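Inside the fold
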Amino acid sequence: AQLQNLDPAANPFANSGVEVITVAPQSRAWAAGVRPGDVITEVNRESVENLVEFNAALEEGRRFTALTVIREGRQMLFFAP
């Protein structure tokens, strides 16, 4: 997946997090339900405000099992297969 720090001025639904730009259809993230435009706010129930925190959360858990995302104003929880 290609990710970037969220620009809060460009997203009316979230103040912080990591914006999903692209997701490979064969990836675990895609299988879990993550789509371009989603804003990831938690990895394994740990809050992430930017790419540094996102990458640190992945390193701690080695892999994500749960992602909390905001999509079009709705908070959603996705579990990795």
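Structure report, in brief. (Residues numbered from 1 in each chain as written. Predicted model: local features only at pLDDT ≥ 70, side-chain atom pairs only at ≥ 80, totals over all residues. Heavy atoms only, no water.)

**Remarks on a negative patch on the surface**
Condition: Each patch is assembled from residues with relative accessible area greater than 30% and no salt bridge, linking like charges that lie within 9 Å and nonpolar side chains (Val, Leu, Ile, Met, Phe, Trp, Tyr) that lie within 5 Å. A 1.4 Å probe and the Shrake-Rupley method give the accessible areas. Residues count as covered only by the protein chains that appear here. The working definition used for a salt bridge is a side-chain nitrogen of Lys or Arg within 4 Å of a carboxyl oxygen of Asp or Glu. Only four residue types enter the tally: Lys and Arg on the positive side, Asp and Glu on the negative side, with His and both chain ends excluded. Charge coordinates come from a single atom per side chain, which is NZ of Lys, CZ of Arg, CG of Asp or CD of Glu. To qualify as a helix, a DSSP run of H or I must reach at least 4 residues; to qualify as a strand, a run of E must reach at least 2; elements of each kind are numbered from the N terminus. Each residue is placed in one exposure class: buried if its accessible area under a 1.4 Å probe, protein chains only, is under 20% of its type's maximum, exposed if it is over 50%, and partly exposed if it falls in between.
On the surface, a cluster of negative charge is contributed by Glu46, Glu49, Glu53, Glu59 and Glu60. Here the negative patch gets 3 residues from one element, more than from any other, and that element is helix 2 (residues 51–61). In this structure, Glu53 sits in helix 2. Looking at Glu53, the relative accessible area reads 33%, which means it is partly exposed.

**What to know about the side chain of Asn11**
This is how the line gets drawn: Throughout, a residue-residue contact means that at least one pair of heavy atoms, one from each residue, lies within 4.5 Å.
Tracing the backbone through its elements, the reader meets Asn11 in the loop between strand 1 (2–5) and strand 2 (18–22). In contact with Asn11, not counting residues within four places along its chain, are Leu6 and Val39.

**Quick look at the nonpolar core**
In a soluble, globular protein the nonpolar side chains are often hidden away together inside. Rules: In this description, a nonpolar core means a group of buried Ala, Val, Leu, Ile, Met, Phe, Trp, Tyr and Cys residues linked to one another through side-chain atoms lying within 4.5 Å.
Of all hydrophobic cores here, the largest spans 16 residues; its most connected members are Val34, Ile40, Val43, Val48, Phe54, Phe64 and Leu67. Mapped by element, the contributors of at least two residues to this core are strand 2, helix 1 (28–32), strand 3 (39–43), helix 2 and strand 5 (66–71). If we ignore the near neighbours within four places in the chain, the residues touching Val34 are Val20, Val23, Ala29, Leu67, Arg71 and Phe78.

In short, shape yes, function no, at least from these values alone.
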